[in-house]
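Here is what each chain is made of, one letter per residue.
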Amino acid sequence: MRETKDSQVINQIRLPLIILVTYAHSYGAIRSGYSLLTSGWDTLEVTKLLVSQTLTKVVVPVFFIISGYLFFRHLETWNWTLWRQKLLRRLRTLLLPYVVWNLLMAVKLKTFSWPMLWAYWSEAGTQTDWLGAVHHMTAPCNMPLWFLRDLMVITLLTPLLYPLLRRYGKPLVGLLTLWYLSGVCPFPLPGLSAYAICFFSMGALLTIHRCPLTATAMRVELPAYILSAMLAVAMLFSWHTPLFSPFMLAFRLTGAVAVFCIASRLSSPFTLHPSPFISHSSYFLYLSHYVFFLSFIDNWMLSLPHAFTLHPSPFTILHYLLAPLVKAVLLLAVYVGCYKLFHLCRKQEK
């Protein structure tokens with residue numbers, strides 16, 4: 001029953017979290033030089049800070065934890081045959097979509113080079129470590145797919161990770177968490193990061209030692225909520241300062257736990273068998289939203305204030321909040337249409 005509960009929660013948070021990702025890549029850039037401390041209150045910029053630069057930070061840790069949790073599920077002891085089967089399955093579900101959707105992005109950019117498939121963006125994100133050094137994140141040309149890149153790398157390391165987690169478990173994850181929180185990057189290799197290793201290992205540890213995902217998160221529910229709220233406020237006020245990075249790294253951790261707690265509280269007891277359609281449609285939205293940016297939605301919504309001769313500020317905020325949702329709905333509608341057309345063609349063939 002607990003496994004059903006975990007599967008149910010995992011299924012139910014996929015789509016909301018992927019929609020949240022679109023806010024990071026859709027009209028979410030903060031005005032150059034803006035700081036809440038020095039520039040004062042600006043409702044639009046604060047809203048974008050809270051959503052695009054704060055709340056969105058919990059998404060990738062959650063998916064890394066889920067990936068680690070699901071990879072080792074049903075693996076009682078190490079089994080090379082089962083590992084190869086899992087690896088072959090991920091060639092279809094990870095590598096193939098990764099290559100195809102990066103190539104589509106390369107077509108959109110009208111250029112191609114091999115780095116576009118691995119490290120096209122050399123400064124996709126920056127963070128400052130405890131030693132004061134600044135590090136840049138790399139990403140392929142379809143930038144959100146850096147998660148798939150890092151996930152594929154950590155998947156190849158699972159034969160090494162499994163015995164270490166089996167034997168050393170909590171101390172190892174504790175050291176990995178400390179390394180992640182420090183922000184220190186001793187080997188800056190694209191695709192290999194403390195970020196991926198730490199959160200993937202957290203999920204893997206739970207399933208290797210037969211600990212339920214949601215029940216484990218619920219043990220620290222109240223501290224997760226309190227720390228997440230405090231860190232979110234600290235991120236708002238530390239934007240454009242060296243303190244933002246350590247606050248953000250910590251918020252990813254506490255926020256991910258809070259997400260599982262909230263999802264556990266909100267999960268419906270009537271949905272006992274997760275639908276794979278939700279998972280597939282969420283995946284399509286994740287793969288496609290950066291390629292098909294649907295700028296005409298932005299242009300149309302930003303023209304509304306002038307059409308109604310109203311003050312633009314409220315509409316600008318409304319545009320920021322609604323445009324990603326409208327784009328997500330359109331892309332999901334495309335997926336639903338293609339899905340139905342595909343199955344209709346299959347029925348006619350039979």
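Figured I'd write up the structure that's included with this text.

Conventions and cut-offs
- Residues numbered from 1 in each chain as written.
- Predicted model: local features only at pLDDT ≥ 70, side-chain atom pairs only at ≥ 80, totals over all residues.
- Heavy atoms only, no water.
- Helix = DSSP H or I, 4+ residues; strand = E, 2+ residues; numbered from the N terminus.
- Buried < 20%, exposed > 50% of the residue type's maximum accessible area, 1.4 Å probe, protein only.
- Contact = heavy atoms within 4.5 Å.
- Core = buried A, V, L, I, M, F, W, Y, C linked by side-chain atoms within 4.5 Å.
- Patch = residues over 30% accessible without salt bridge, like charges linked within 9 Å, V, L, I, M, F, W, Y side chains within 5 Å.
- Areas by Shrake-Rupley, 256 points an atom, 1.4 Å probe, with all protein chains shown as cover.
- Salt bridge = Lys/Arg side-chain N within 4 Å of Asp/Glu carboxyl O.
- Axes fitted to C-alpha atoms, helices over the stretch in contact; angles between N-to-C directions.
- Parallel < 35°, antiparallel > 145°, perpendicular 65-115°, else oblique.
- Left-handed = near helix turned anticlockwise from the far one by under 90°.
- Nonpolar A, V, L, I, M, F, W, Y, C, P; charged D, E, K, R; others polar.
- Phe/Tyr/Trp six-rings, centres within 6.5 Å; stacked < 30°, edge-to-face > 60°.
- Lys NZ or Arg CZ within 6 Å of the ring centre and 35° of its normal.

## Focus: the side chain of Ser 288
The residue Ser 288 is located in helix α13 (residues 276-288) in this model. Given a relative accessible area of 0%, Ser 288 falls into the buried group. Once residues lying within four places of it in the same chain are set aside, the contact partners of Ser 288 are Trp 101 and Leu 331.

## Regarding the nonpolar core
Ranked by size, the top nonpolar core spans 97 residues in total, and within it Ile 13, Val 62, Phe 64, Phe 72, Phe 147, Leu 148 and Phe 260 carry the most contacts. Ranked by residue count, the leading element in this core is helix α9 (residues 194-208), at 12 residues. Beyond its immediate chain neighbours, meaning those up to four positions away, Leu 148 contacts Leu 94, Tyr 98, Tyr 283, Tyr 286 and Leu 287.

## Some words on a nonpolar patch on the surface
The grouping of Phe 296, Leu 318, Leu 321, Leu 322, Leu 325, Val 326 and Leu 330 at the surface amounts to a nonpolar patch, some 530 Å² of accessible area in total. It is helix α15 (residues 312-349) that contributes the most residues to the nonpolar patch, 6 residues altogether. A relative accessible area of 37% means that Leu 330 is categorised as partly exposed.

## Digging into the packing of helix α7 (residues 158-167) against α9
Close contact between α7 and α9 brings their axes to 10 Å; oriented N to C, the two are set at 60°. The orientation of α7 with respect to α9, classified from their angle, is oblique. Handedness of the α7/α9 crossing: right-handed. Contact residues: Thr 158, Leu 161, Tyr 162, Leu 165 and Arg 166 in α7; Phe 200, Ser 201, Ala 204, Leu 205 and Ile 208 in α9. Looking at the contact of α7 with α9 residue by residue, the classes come out as 7 nonpolar, 2 polar and 1 charged.

## Details of helix α6 (residues 146-156)
Since there are 3.6 residues in each turn of an α-helix, residues three or four apart along the chain are aligned in direction. Burial runs high along α6: 10 of the 11 residues are buried. Those residues of α6 lying buried are Trp 146, Phe 147, Leu 148, Arg 149, Asp 150, Leu 151, Met 152, Val 153, Ile 154 and Thr 155.

## Brief notes about the pattern of salt bridges
Counted according to the given criterion, the structure contains 4 salt bridges. The partner of Lys 48 in a salt bridge is Glu 45, and the shortest N-O contact between them spans 3.7 Å. Here Lys 48 pairs with Glu 45, and both are found in helix α3 (residues 43-51), just 3 residues apart, close to one helical turn. As far as burial versus exposure is concerned, Lys 48 and Glu 45 are alike and both buried. We note a salt bridge from Arg 149 to Asp 150, for which the minimum N-O separation is 2.9 Å. The exposure class assigned to Arg 149 is buried, which follows from its relative accessible area of 2%. Using a relative accessible area of 2% as the deciding quantity, one classes Asp 150 as buried.

## Let's talk about the packing of aromatic side chains
A complete count under the given rule lists 27 aromatic pairs for this structure. Plain terms: the ring middles of Trp 78 and Tyr 162 are 5.2 Å apart, the flat faces sit at 45° to each other, and that makes the pair tilted. Note that Trp 78 is positioned in the loop between α4 (59-71) and α5 (80-109) and Tyr 162 in helix α7, a separation of 84 residues in sequence. In this structure Trp 78 comes out as partly exposed when scored by relative accessible area, which is 22%. Judged by centre distance (5.1 Å) and plane angle (80°), the ring pair of Tyr 120 and Trp 121 falls under edge-to-face. For Tyr 120, a relative accessible area of 32% gives the class partly exposed. Note on Trp 121: relative accessible area 33%, which makes it partly exposed. Over the aromatic face of Trp 118 sits the side chain of Arg 149, whose NZ or CZ is 5.9 Å from the ring centroid. The ring of Phe 293 carries the charged tip of Lys 327 above its face, separated from the ring centre by 3.9 Å.

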